[in-house]
Amino acid sequence: MKSILKRLTAGVLAVALLAGCAAGEEWTRYRISFMDTFDTVVTTIGYTRTGEDFDRYADRAHELLLYYNQLFDRYNSYEGLNNVKTINDNAGIAPVQVDEPLLDLLELCKEWYADSQGTVNVCLGPVLEIWHNYRERYAGEENGELPPMEELQAAAAHTDIDKLIIDREAGTVYLEEPEMSLDLGAVAKGYATELVCQQLYAEGFTSFAMSSGGNVRVMDAPADGSRTAWVVGLQDPAAGMEVGASVDAVIGNDLSIVTSGDYQRYYMVDGKKIHHIIDGSTLMPADRFSSVSIVIEDSGVADMLSTALFILPMEEGRTLAEQYGAEVMWIDTDGNVTCTDGLIPLLRDRGGATSVPGASSEEGV
């Protein structure tokens with residue numbers, strides 16, 4: 001399994017929270033949220049002995065998240081930092097020297113492209129940009145329009161990942177065609193979440209969970225001893241982002257739970273949701289599933305798999321999940337739920353438990 005943890009040794013269904021428990025005598029539970037990275041709410045819940053300790057780790061998490069958000073940003077430039085936008089701006093012109101985490105991620109993305117049968121292609125930027133513009137144009141309207149297929153096909157002619165040239169020795173990235181552009185939206189948030197959590201853990205913050213939108217990473221169990229594991233609610237796509245809409249909960253420690261779904265970023269055309277997960281083979285939104293949830297240790301791998309398995313037929317997706325050792329929950333467009341055998345022991349029926357959309361993963365049983 002090509003894990004970020006192995007590569008970086010140097011270094012749900014809209015997810016929900018169960019209600020917290022009272023703090024123990026020595027450890028106290030704290031919570032903080034940031035809203036200025038990766039276009040989502042990032043919430044950290046953790047246990048430390050003092051509030052000062054938690055504040056220090058929270059500040060460190062925010063610092064790291066801001067850095068990765070800027071590094072992987074395709075829309076904005078930042079003084080003194082070459083990022084994805086810098087690479088795109090120099091497509092067909094010149095190689096761009098970038099920081100090592102971006103090199104590492106792009107090298108992984110080439111591997112993931114091959115493993116995912118091309119469903120996860122970070123060079124699909126020209127096509128995704130068209131879809132992004134249409135979602136922005138018709139946001140909130142009752143009936144939008146689809147992009148012309150001719151426009152999508154013209155953009156797709158400039159999405160060859162073999163023309164993404166990475167020179168590890170020089171530390172550079174180059175897009176060979178001027179019409180090419182990178183879009184890391186399918187992988188960047190999970191990858192960054194993993195890097196941040198591993199760094200915090202290495203610095204001594206061990207009992208915590210981080211939710212980055214639909215990406216959740218839980219580390220060691222709640223340190224106050226009140227519970228032995230974290231519990232992460234999985235969202236029912238039929239209920240959208242409603243509070244209390246979880247259908248099941250995953251119980252565990254040192255896990256990532258990542259969901260891709262059709263219920264968050266979309267616009268309407270003729271009464272149908274036109275969501276943001278685009279199948280590169282059809283250039284249209286994938287239409288097999290309403291959501292796919294992945295449970296695996298590495299959040300970056302989970303992010304990649306949630307996109308790939310949302311697009312692939314179920315049996316092909318199951319084979320890919322087995323290759324990486326992941327457990328999966330698929331919910332198709334008719335609401336039918338299918339789970340891998342290994343996921344079932346980790347699940348608990350949430351019943352009517354209250355949930356908090358946009359956060360994720362709190363204490364378990």
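Residues numbered from 1 in each chain as written. Predicted model: local features only at pLDDT ≥ 70, side-chain atom pairs only at ≥ 80, totals over all residues. Heavy atoms only, no water.

J.: Help me out: how do you make sense of the pairing of strand β11 (residues 255-261) in this one?
T.: It is a general feature of regular strands that their side chains alternate between the two faces of the sheet. Of all 7 residues in β11, 7 are buried, a share of seventy percent or more. Here β11 shows no split at all, with Leu255, Ile257, Thr259 and Gly261 on one side and Ser256, Val258 and Ser260 on the other all buried. Inspection of the sheet shows β11 paired to strand β16 (residues 289-296) by 6 bridges, in the antiparallel sense. Looking at β16, one finds that Val258 is bridged to Ile294. (Buried < 20%, exposed > 50% of the residue type's maximum accessible area, 1.4 Å probe, protein only. Helix = DSSP H or I, 4+ residues; strand = E, 2+ residues; numbered from the N terminus. Pairing = 2+ DSSP bridges.)

J.: Explanation requested: the nonpolar core in the structure shown.
T.: Across soluble globular proteins, you tend to see nonpolar side chains buried next to one another. Ranked by size, the top nonpolar core spans 69 residues in total, and within it Phe72, Leu184, Leu305 and Leu309 carry the most contacts. Those residues in contact with Phe72, other than ones at most four positions away along the chain, are Phe38, Val84, Pro101, Leu102, Leu105, Leu184, Ala188, Tyr191 and Ala192. Counting 16 residues, the second-largest nonpolar core is a separate cluster that includes Val218, Trp230, Val250 and Leu255. (Core = buried A, V, L, I, M, F, W, Y, C linked by side-chain atoms within 4.5 Å. Contact = heavy atoms within 4.5 Å.)

J.: Just checking my understanding: could you explain helix α9 (residues 314-324) for this structure?
T.: An α-helical turn contains 3.6 residues, so a residue and the one three or four places further along point in the same direction. For α9, the set of buried residues is Gly317, Arg318, Leu320, Ala321 and Tyr324. All buried residues of α9 fall inside an arc of 165° around its axis, so they share one side. Turned more than 90 degrees off the buried face of α9, the exposed positions are Glu315, Thr319 and Glu322. If you follow the buried residues of α9, they end up packed against α4 (100-115), β16, α8 (299-311), β17 (327-332) and β18 (337-339). Positive phi shows up at Gly325, right after α9, with a value of about 75°. (Arc of directions from axis to C-beta.)

J.: I would appreciate a short explanation of helix α2 (residues 51-71) in the present structure.
T.: In a regular helix each residue adds 1.5 Å, so 21 residues correspond to 30 Å; α2 covers 30 Å between its end C-alpha atoms and thus fits that length. Looking at the buried side of α2, the elements it contacts are β2 (28-37), β3 (40-48), α3 (84-89), α4, α7 (188-202) and β7 (208-212). (Expected span 1.5 Å × (residues − 1).)

J.: I tried to follow the sheet that holds strand β6 (residues 172-175) on my own but got confused; where do I start?
T.: Each strand in a sheet pairs with its neighbour through backbone hydrogen bonds, running either in the same direction (parallel) or in the opposite one (antiparallel). Within the open sheet, the 3 strands sit side by side as β4-β6-β5. Their pairing is antiparallel. Both edges of this open sheet fall to β4 (96-97) and β5 (164-167), since each of them pairs with a single strand only. By the bridge criterion, 4 bridges tie β5 to β6 in an arrangement that is antiparallel. Considered in β6, the bridge of Ile165 is made with Tyr174.

J.: Whenever I open this one, the side chain of Ser207 confuses me. Can you help?
T.: With respect to the helices and strands, the residue Ser207 is situated in the loop between α7 and β7. In this structure Ser207 comes out as buried when scored by relative accessible area, which is 3%. At 2.8 Å, the side chain of Ser207 and the backbone oxygen of Ala221 are in polar contact. Separated by 3.0 Å, the side chain of Ser207 and the backbone nitrogen of Ala223 make a polar contact. (Polar contact = N/O pair within 3.5 Å; in protein donor to acceptor, adjacent residues only side chain to side chain.)

Scope: geometric values only; no functional claims are made or implied.
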